[in-house]
Amino acid sequence: MKSIPQLEIWFVTGSQHLYGEETLRQVADHSQQIVDGLNSSAKFPHKLVYKPVVVSPEAIRNLALEANNTPSCAGWICWMHTFSPAKMWIGGLTSLKIPMLHLHTQFNRDLPWDSIDMDFMNLNQSAHGDREFGFINSRLRKERKVVAGHWQDTKVQSRVDAWMRAAAAWKDWQGGRFARFGDNMRQVAVTDGDKVAAEIRFGFTVDGYGIGDLVDSMNTVSEQSIDELIQVYLEEYEVADELKPGGARAESLRESARIELGLRTFLEAGNYKGFTTTFEDLHAMPQLPGFAVQRLMADGYGFAGEGDWKTAALVRAMKVMAEGLEGGVSFMEDYTYHLAEGDEKVLGSHMLEICPSISAEKPRVEIHPLSIGGKADPLRLVFDAQGGSKALNASIVDLGDRFRLLVNTVETSKPEPLPKLPVARAVWKPYPDFHTGCEAWILAGGAHHTGYTPALSPEHLEDFASMAETEFFLIDEETTLRGAKKELKWNDLYFHLAHGLGHT
Ligand code: MN
């Protein structure tokens, strides 16, 4: 995917002077071995960087300030190999502005039952050292992830991996820019929201543009670059005969290529990570961008329709989290239902813009009328999404006083043959069942627009919400309607108390 830099996660080990030089040397050596071992075996998406063991308030605070100011540093992993009196950590932890994971581990896996002596006991103290560290974080109400277990355990590594992916997406949002061509779809509520509040809470900005700005960019596209892009289309997709060079509607494919190249130039020039369009504001655009949007999403851009900047930003974040994982990430909409009793399903799609990264097959490029918006027939990629796995839908809603990140896990299936449906689609059953899943989602105010992915688990999004200090509301196998209703009310209270006066 484009524009996701290789990031660093700093591995920070705490101790104190009392143990003497020899013990501190061993602490440093063990810490280094853990970092090297994880870098070589854990297949983490980003590199762990060993930092010298910290034993004083000054060293801890300076390291926190250095981390904040290091552009490649996306997070801290902290571990207390020995006891590290935690008042020393207050200055550093209150200064630290990047995500933190507390790894509650131990260098050795097994206790050496026959040889254990007091030297061993002095060195291997994370069982109580990490509790002292945990206390001060709880006392500071510091958001962090705690992962407990031996560092070579693959379950432990997988939980660290999920957090690392969320930290990369969080980093990506900070200072990130999203372009909005046209405004919100008129009168629609859930896609709108407070962009000032979003920038304060999430760190990204949303820039509005008139569609004429995009048309200007399209007008700079050369005929030769269109010719070259048409060749790419012919190689990568099943292009309908009427759209191929020489076909009756070949000009529409060229027009779509012009839209793609114009969009791409515009987004690259502004360093944008995602964008929105709206079919109500097309003016000089000949057709609603469908195929072009699908290809840009596949390259890593966040996108959502109808001016929905929150979902566009979320899709981008999910793409960063899912980098290198199987399954893809797409903008999605709960479109229509199959309501046979006991076999209820959702048919998810959009007018055009579903990302081919979730496709189970070679997508087809087709042209059909849109039947809304009154423009020329738009091109689109048509395909079935992969079925037979777990996936999830995620949505950010603006509740006025705060944002809520909702996630619903789903079981996907292969769509029935849909010979007359001219858009890409996915089919799923929400967990824990259709009725509870939909009722809880609607009570929580979840949008019809989502980020959809089989590549991520709720843990990724939960870690991400924690970094944003934003409510995370999960609907999964364990959800009951009664429990969901209570949780929503409790969350209202908690976030009102925690953020009531607008503290960030
Ligand atoms: Mn929509």
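Residues numbered from 1 in each chain as written. Predicted model: local features only at pLDDT ≥ 70, side-chain atom pairs only at ≥ 80, totals over all residues. Heavy atoms only, no water.

1. Side note on the coordination of the manganese ion
Using the following cut-off: Metal sites are built from N, O and S donor atoms within 2.8 Å, or 3.2 Å for Na, K and Ca, and they leave out water, so they may look incomplete. In this text, helices come from DSSP runs of H or I with a minimum length of four residues, and strands from runs of E with a minimum of two, each type numbered from the N-terminal end.
On the protein side, the manganese ion has Glu306 (OE), Glu333 (OE), His350 (NE2) and His449 (NE2) as donor atoms, found 2.0 to 2.2 Å from it. Within one chain, the residues serving as donors to the manganese ion are arranged as E-x26-E-x16-H-x98-H. Linking Glu333 in strand 11 (residues 330-338) with His449 in strand 18 (residues 449-453), this pair joins segments that are 116 residues apart in sequence.

2. A word on the pattern of salt bridges
What counts here: Salt bridges are counted wherever a side-chain nitrogen of Lys or Arg sits within 4 Å of a carboxyl oxygen of Asp or Glu.
Counted under the stated rule, the structure contains 33 salt bridges. Between Arg264 and Glu260 there is a salt bridge, with its nearest N and O atoms 3.0 Å apart. Taken together, the residues Arg264 and Glu260, both in helix 10 (residues 250-269) and 4 residues apart, mark about one turn of the helix. Two residues, Asp343 and Lys429, come together in a salt bridge whose shortest N-O distance is 3.0 Å.

3. Remarks on the side chain of Lys310
The cut-off we apply is this: Between buried and exposed lies partly exposed: a residue is buried under 20% and exposed over 50% of the maximum accessible area for its type, with that area taken using a 1.4 Å probe on protein chains only. His residues and chain termini do not enter the charge count, which takes Lys and Arg as positive and Asp and Glu as negative. Contacts: residue pairs with any heavy atoms within 4.5 Å of one another.
As for its position among the elements, Lys310 is in helix 12 (residues 309-321). Put simply, Lys310 is tucked away with no salt bridge, and the nearest opposite charge, on Asp308, sits 4.6 Å away. Not counting residues within four places of it along the chain, the set of residues in contact with Lys310 comprises Val190, Thr191, Asp192, Gly193, Ile396, Val397, Asp398 and Phe403.

4. Examining helix 10
Going by this rule: Any helix carries an expected span of 1.5 Å times its number of residues minus one.
Here helix 10 is 20 residues long and its end C-alpha atoms lie 29 Å apart, about the 28 Å a rise of 1.5 Å per residue gives. The buried count for helix 10 comes to 15 of 20 residues, which makes it a mostly enclosed element. Looking at the residues trailing helix 10, positive phi occurs at Asn271, about 55°.

5. Examining the sheet that holds strand 8 (residues 238-239)
Worth spelling out the cut-off: Here a strand pair is declared whenever DSSP counts at least two bridges between the two strands. Inter-axis angles, ranging from 0 to 180 degrees, are taken between N-to-C directions of lines fitted to C-alpha atoms, where helices are fitted over the stretch in contact.
The 3 strands lie next to each other as 8-13-14, forming an open sheet whose pairing is mixed. Each end of this open sheet is capped by a strand with a single partner; those strands are strand 8 and strand 14 (379-382). As defined by bridge partners, strand 8 adjoins strand 13 (residues 364-367) across 2 bridges and the pair is classed as parallel. Across the sheet, the residue bridging to Glu238 is Arg364, located in strand 13. Set on the sheet, helix 10 makes contact with strand 8, strand 13 and strand 14; between it and strand 14 the angle comes to about 90°.

6. Overview of the packing of aromatic side chains
For clarity, the cut-off: In summary, the pairing rule links any two rings of Phe, Tyr or Trp, Trp by its six-membered ring, whose centres are within 6.5 Å, and it sorts them by plane angle into stacked for under 30 degrees, edge-to-face for over 60 and tilted for everything else.
Taken as a whole and assessed by the stated rule, the structure comprises 26 aromatic pairs. Here Trp173 and Phe204 contribute two aromatic rings whose centre-to-centre distance is 4.8 Å and whose plane-to-plane angle is 70°, an arrangement assigned as edge-to-face. One end of the pair, Trp173, is in helix 6 (residues 154-173); the other, Phe204, is in the loop between helix 7 (195-202) and strand 7 (205-209), with 31 residues separating them in the sequence. For the pair Trp173 and Phe204, one class covers both residues: buried. Ring geometry for Tyr209 against Tyr272: centres 6.1 Å apart, planes inclined by 85°, an arrangement best described as edge-to-face.

7. Some thoughts on the pairing of strand 2 (residues 47-50)
For a regular strand, the rule is simple: side chains alternate between the two faces of the sheet. Heads up, the rule is: When the strands point away from the viewer, a crossover counts as right-handed if the path from the first strand over the helix to the second runs clockwise.
Inspection of the sheet shows strand 1 (residues 8-14) paired to strand 2 by 4 bridges, in the parallel sense. Residue pairing for strand 2: Phe11 is matched across the bridge by Tyr50. Following the backbone out of strand 1, through helix 1 (residues 21-41) and into the adjacent parallel strand 2, one traces a crossover that is right-handed.

8. With respect to the nonpolar core
This is how it is decided: Each nonpolar core is a collection of buried residues, namely Ala, Val, Leu, Ile, Met, Phe, Trp, Tyr and Cys, held together in the definition by side-chain atoms within 4.5 Å.
Judged by nonpolar contacts, the single largest core of 86 residues is most densely connected at Trp173, Phe275 and Leu461. The leading source of residues in this core is helix 6, at 10 residues. Residues in contact with Leu461, not counting those within four places in the same chain, are Leu314, Met318, Met321, Leu392, Ala394, Leu405, Val407, Leu456 and Phe472. Tyr237, Phe291, Met332 and Leu379 belong to the second-largest nonpolar core, a separate cluster that totals 30 residues.

9. Side note on helix 5 (residues 126-139)
With 14 residues, helix 5 should reach 20 Å at 1.5 Å per residue; the first-to-last C-alpha distance of 19 Å fits that figure. Of the surrounding secondary structure, the elements contacted by the buried residues of helix 5 are strand 3 (73-80), helix 3 (90-95) and strand 4 (100-104). A positive phi of about 55° marks Arg141, the residue just after helix 5.

10. Considering unusual backbone geometry
A cis amide bond, omega 0°, links Tyr431 with the succeeding residue Pro432. Secondary-structure assignment places Pro432 in the loop between strand 17 (425-430) and helix 13 (434-443). Of note in this structure, Gln187 is not a glycine but carries a positive phi near 75°. For Gln187, the position within the fold is in the loop between strand 6 (177-181) and helix 7. We classify Gln187 as exposed; its relative accessible area is 83%. You will see that Glu469, though not glycine, has its phi angle at about 45°, which is positive. With a relative accessible area of 35%, Glu469 lands in the partly exposed category.

11. Description of empty space enclosed by the protein
Threshold: Think of a 1 Å grid over just the protein atoms. A cavity is a set of points where a 1.4 Å probe fits yet cannot get out, a pocket is an open set with protein on both sides within 12 Å along at least five of seven lines, and lining residues have an atom within 4 Å of a point. Grid points are joined across faces, edges and corners, and a volume is the space filled by probe spheres set on the points. Residues are sorted three ways: Asp, Glu, Lys and Arg are charged, Ala, Val, Leu, Ile, Met, Phe, Trp, Tyr, Cys and Pro are nonpolar, and all the rest, Gly among them, are polar.
Tallying each qualifying case throughout the model produces 2 cavities of 30 Å³ or more. Considered as a void within the structure, the largest cavity measures approximately 40 Å³ in volume. Around the largest cavity, the lining residues are Trp173, Phe202, Ile396, Leu405, Phe464, Ala465, Ala468 and Thr470. Residue composition of the lining of the largest cavity, by class: 7 nonpolar, 1 polar and no charged.

12. Topic: the packing of helix 12 against helix 14 (residues 458-467)
Short version of the rule: Roughly parallel means an angle under 35 degrees; roughly antiparallel means over 145; roughly perpendicular covers 65 to 115; every other angle is labelled oblique. In this scheme the crossing of two helices becomes right-handed for a clockwise turn of the near helix relative to the far one and left-handed for an anticlockwise turn of less than a right angle.
It is the contact of helix 12 with helix 14, at a shortest axis distance of 11 Å, that shows an interaxial angle of 120°. In terms of orientation, helix 12 lies oblique with respect to helix 14. Seen from above, helix 12 lies across helix 14 with right-handed handedness. Across the interface between the two elements, Leu314, Ala317, Met318 and Met321 of helix 12 pack against His460, Leu461 and Phe464 of helix 14. Each residue belonging to the contact of helix 12 with helix 14 can be placed in one class, and the counts come to 6 nonpolar, 1 polar and no charged.

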